[in-house]
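Results of the structural survey
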Amino acid sequence: GALVYQYPRRTICKSGTSMRMECQAVGFQATSVAWYRQSPQKTFELIALSTVNSAIKYEQNFTQEKFPISHPNLSFSSMTVLNAYLEDRGLYLCGARGDIYAEQFFGPGTRLTVL
Amino acid sequence: AQSVTQPDARVTVSEGASLQLRCKYSYSGTPYLFWYVQYPRQGLQLLLKYYSGDPVVQGVNGFEAEFSKSNSSFHLRKASVHWSDSAVYFCVLSPGNTGKLIFGLGTTLQVQP
């Protein structure tokens, strides 16, 4: 079956530092990977959508300078939160999709706490 | 504008009762619609999806949803809920099946014994 793993599951970082999170698709080829953030008491916001062989598209309020993403192959993606502050805390989900008519499979998320 | 509205932030029902969670979407093109569930301290799991065809789609664990283009709705239903159904339910729109997902605010379902 199709599975998506995320690492780490939880992380704590000091304000102003950076942390990197990873996403791995198993059992299918992830032609597109989307990163979402669920802030406390909020719904999921799309940060960026990465499609293989296309430029990574960031949503309004999110930038490459703050959330650089790497999507080097069809099974792996990583995102870094640079200079993390309180407003960056939340659950970061990776959603991977295999083909044009497939739904997104989500990983369990990386929960970021900023001190 | 593309958006998803879940008008009920919290729904409480008794175990064994029927359930409807409401969802309205705004999108001028062909919508691809999903319901995802988030159990406590977990990620998202897909309940069901609608791409085209029969407007009533069946999902896992006895859930179903009905798509209505005229009402721009995609309500989720279950005939008899179980306490383990307590979770947060998200209605999700993929405009034009682009891979971008737009989430509703979620409805927290609490099933009382």
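Structure shown above.
Definitions and cut-offs
- Residues numbered from 1 in each chain as written.
- Chains lettered and ligands numbered in written order.
- Predicted model: local features only at pLDDT ≥ 70, side-chain atom pairs only at ≥ 80, totals over all residues.
- Heavy atoms only, no water.
- Helix = DSSP H or I, 4+ residues; strand = E, 2+ residues; numbered from the N terminus.
- Rg over C-alpha atoms; globule rule 2.2 N^0.38 Å.
- Buried < 20%, exposed > 50% of the residue type's maximum accessible area, 1.4 Å probe, protein only.
- Contact = heavy atoms within 4.5 Å.
- Polar contact = N/O pair within 3.5 Å; in protein donor to acceptor, adjacent residues only side chain to side chain.
- 1 Å grid on protein atoms, 1.4 Å probe; cavity = no way out; pocket = protein on both sides within 12 Å on 5 of 7 lines; lining within 4 Å.
- Points joined across faces, edges and corners; volume = space filled by probe spheres on them.
- Nonpolar A, V, L, I, M, F, W, Y, C, P; charged D, E, K, R; others polar.
- Core = buried A, V, L, I, M, F, W, Y, C linked by side-chain atoms within 4.5 Å.

With that out of the way, let us pick up the overall build of chain A. Regarding its fold elements, chain A presents 0 helices and 11 strands. Its helices and strands taken in sequence order, chain A reads β-β-β-β-β-β-β-β-β-β-β from the N to the C terminus. The C-alpha atoms of chain A give a radius of gyration of 13 Å, which matches the 13 Å a tight globule of 115 residues would have. Taking the principal axes of its C-alpha atoms as reference, chain A extends roughly 40 × 25 × 25 Å. Counting only residues that meet the buried cut, chain A has 50% of its 115 residues in that class. For chain A, contacts bridging at least 24 residues in sequence account for 54% of all contacts bridging at least 6.

Residue and element names in this part refer to chain B. Mapping His75 onto the fold places it in strand E9 (residues 73-78). Here Cys23 takes part through its backbone nitrogen, which lies 3.0 Å from a polar atom of the side chain of His75. In this structure, His75 is in contact with Gln20, Leu21, Arg22, Cys23, Trp35, Glu64, Ala65 and Glu66, ignoring residues within four places of it in sequence.

Let us look at empty space enclosed by the protein. One simple way to see leftover space: roll a probe sized like a water molecule over the atoms. Under the defined criterion, the tally for this structure stands at 2 cavities of 30 Å³ or more. Taken as a whole, the largest cavity holds about 80 Å³ of empty space. Lining of the largest cavity is provided by Arg9, Arg10, Leu91, Pro108, Gly109 and Arg111 of chain A together with Arg41, Gln42 and Gly43 of chain B. Considering only residue class, the lining of the largest cavity consists of 2 nonpolar, 3 polar and 4 charged.

Core analysis: the biggest nonpolar cluster contains 28 residues, and Leu19, Trp35, Leu47, Leu48, Phe74, Leu76 and Tyr89 of chain B have the highest contact counts within it. Mapped onto this core, the elements with two or more residues apiece are strand E2 (10-14), strand E3 (19-21), strand E5 (31-38), strand E6 (44-50), strand E8 (64-68), E9, strand E10 (87-95) and strand E12 (107-112) of chain B. Sequence-distant contacts of Tyr89 of chain B, that is, excluding residues within four places in its chain, are made with Gln6, Leu21, Trp35, Tyr36, Val37, Leu47, Phe63, Leu76, Gly106, Thr107 and Leu109 of chain B. Residues Cys23, Ala25, Tyr58 and Cys94 of chain A belong to the second largest nonpolar core, which totals 24 residues.

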